[in-house]
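A structural walkthrough
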Amino acid sequence: MVKNLLLVGVGGQGTILVSKILSQGLIAEGYDVKMSEIHGMAQRGGSVTTQIRFGEKVYSPSIGEGEADVMIAFEKIEAARYLNQLKKGGKLIVNDVEMYPLPVLAGKEKYPDGVIEALEKEVENIKVINARKVAEDLGEVKAQNIVMLGCLVKALELENIDWIKLIKENLPERVHEVNIEAFKSGMQL
């Protein structure tokens, strides 16, 4: 059986790093893994999506509309933007954080209200977390992506993989400790 994961966020949030760590862990566990990433119009601030498919044998990295078993959204508007990719009964993990696009920062548009409430009406299996607050409490706001990784690993029941080793292999030594704590915190959400 093949599992379809969709990771969505905004450039600069570490979505691709999480995808890389996740893919490495799945490969180490013996899964066939295919990954496809799409960068938005801007490196920082543009939409970023990663599709990961894993299982015994995977032939394509592409996930069709309504086929994602799990979607993890690093920013709540991105969750709304890609909601059509989540299959009926699929699981949505969403970071309750706002990353303002340029038109909002310039005062030309307003960031929409009620995004989480709208998602909760559409998705039965939703987990809303505040990874930013968890990371800030640990003293490193940039670690919120690793908080999200921990939450996703728990949701996928993949705790048996050595994620700590992979975090150490993919991040500079100076941030190992805080990111390991961020991962463990995410696992408990």
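First, a word on what this report is: a plain description of the structure on this page. (Residues numbered from 1 in each chain as written. Predicted model: local features only at pLDDT ≥ 70, side-chain atom pairs only at ≥ 80, totals over all residues. Heavy atoms only, no water.)

With that settled, consider the overall build of the chain. Of regular secondary structure, the chain possesses eight helices and six strands. When the helices and strands of the chain are placed in sequence order, the string is β-α-β-β-β-α-β-α-α-β-α-α-α-α. The C-alpha radius of gyration computed for the chain amounts to 16 Å, which stays within 12% of the reference 16 Å derived for 189 residues, consistent with globular compactness. Residues counted as buried form 49% of the 189 residues belonging to the chain. Sequence-distant contacts in the chain: of pairs separated by 6 or more residues, those separated by 24 or more amount to 62%. For the chain, the accessible surface area stands at approximately 9900 Å², while carbon and sulfur atoms represent 48% of it. Here the chain contributes 23 positive and 27 negative side-chain charges, whose respective centroids are spaced 2 Å apart. (Helix = DSSP H or I, 4+ residues; strand = E, 2+ residues; numbered from the N terminus. Rg over C-alpha atoms; globule rule 2.2 N^0.38 Å. Buried < 20%, exposed > 50% of the residue type's maximum accessible area, 1.4 Å probe, protein only. Contact = heavy atoms within 4.5 Å. Areas by Shrake-Rupley, 256 points an atom, 1.4 Å probe, with all protein chains shown as cover. Lys, Arg positive; Asp, Glu negative; His and termini not counted. Charge placed at Lys NZ, Arg CZ, Asp CG, Glu CD.)

A few words on the packing of helix α5 (residues 131-138) against helix α6 (residues 144-156). Packing of α5 against α6 leaves a shortest axis separation of 8 Å and a crossing angle of 120°. On the basis of the axis angle, α5 is oblique to α6. As for the relative orientation of α5 and α6, their crossing is right-handed in sense. Facing Ala131, Arg132, Val134 and Ala135 of α5, the residues of α6 in contact are Gln144, Val147 and Met148. (Axes fitted to C-alpha atoms, helices over the stretch in contact; angles between N-to-C directions. Parallel < 35°, antiparallel > 145°, perpendicular 65-115°, else oblique. Left-handed = near helix turned anticlockwise from the far one by under 90°.)

Here we take up the pattern of salt bridges. Scanning all chains against the criterion turns up eleven salt bridges. A salt bridge links aspartate 32 to lysine 57, with the nearest nitrogen and oxygen atoms 3.7 Å apart. Taken as a pair, aspartate 32 in strand β2 (residues 32-38) and lysine 57 in the loop between β3 (47-55) and β4 (68-73) lie far apart in primary sequence, 25 residues in all. Accessibility expressed as a relative area gives 15% for aspartate 32, which makes it buried. (Salt bridge = Lys/Arg side-chain N within 4 Å of Asp/Glu carboxyl O.)

The strand order across the open sheet formed by six strands is β2-β3-β1-β4-β5-β6, and the pairing between neighbours is mixed. At either end of the open sheet lies a strand with only one pairing partner, and these are β2 and β6 (125-129). Each strand axis lies, on average, 15° off the axis of its neighbour in the sheet, ignoring direction. Relative to β6, strand β5 (residues 86-95) runs parallel, the two being bridged by five bridges. Paired with asparagine 95 across the strands is isoleucine 129, a residue of β6. Each of β1 (3-10), β4, β5 and β6 is contacted by α6, which is oriented at about 145° to β5, the strand it contacts most. (Pairing = 2+ DSSP bridges.)

Residue position: phenylalanine 74 is located in the loop between β4 and α2 (76-81). Placed 57 residues apart in sequence, phenylalanine 74 and alanine 131 show a C-alpha to C-alpha distance of 8.6 Å. Apart from residues no more than four positions distant in its own chain, phenylalanine 74 is found in contact with Leu7, Val8, Gly9, Gln13, Thr15, Val18, Asn95, Val97, Asn145 and Met148.

Here we take up a nonpolar patch on the surface. Together, Tyr100, Leu102 and Leu105 give the surface a local cluster of nonpolar side chains, amounting to about 360 Å² of exposed area. Considering the arrangement of structural elements, one finds tyrosine 100 in the loop between β5 and α3 (102-105). Given the relative accessible area of 42%, tyrosine 100 is considered partly exposed. (Patch = residues over 30% accessible without salt bridge, like charges linked within 9 Å, V, L, I, M, F, W, Y side chains within 5 Å.)

Let us now look at the packing of aromatic side chains. Summed over all chains, the structure comprises two aromatic pairs. Ring geometry for tyrosine 31 against phenylalanine 54: centres 5.0 Å apart, planes inclined by 80°, an arrangement best described as edge-to-face. Placement of tyrosine 31 in the loop between α1 (15-28) and β2 and of phenylalanine 54 in strand β3 is noted, with a sequence separation of 23 residues between them. A relative accessible area of 31% places tyrosine 31 in the partly exposed class. The class for phenylalanine 54 is buried, based on a relative accessible area of 4%. (Phe/Tyr/Trp six-rings, centres within 6.5 Å; stacked < 30°, edge-to-face > 60°.)

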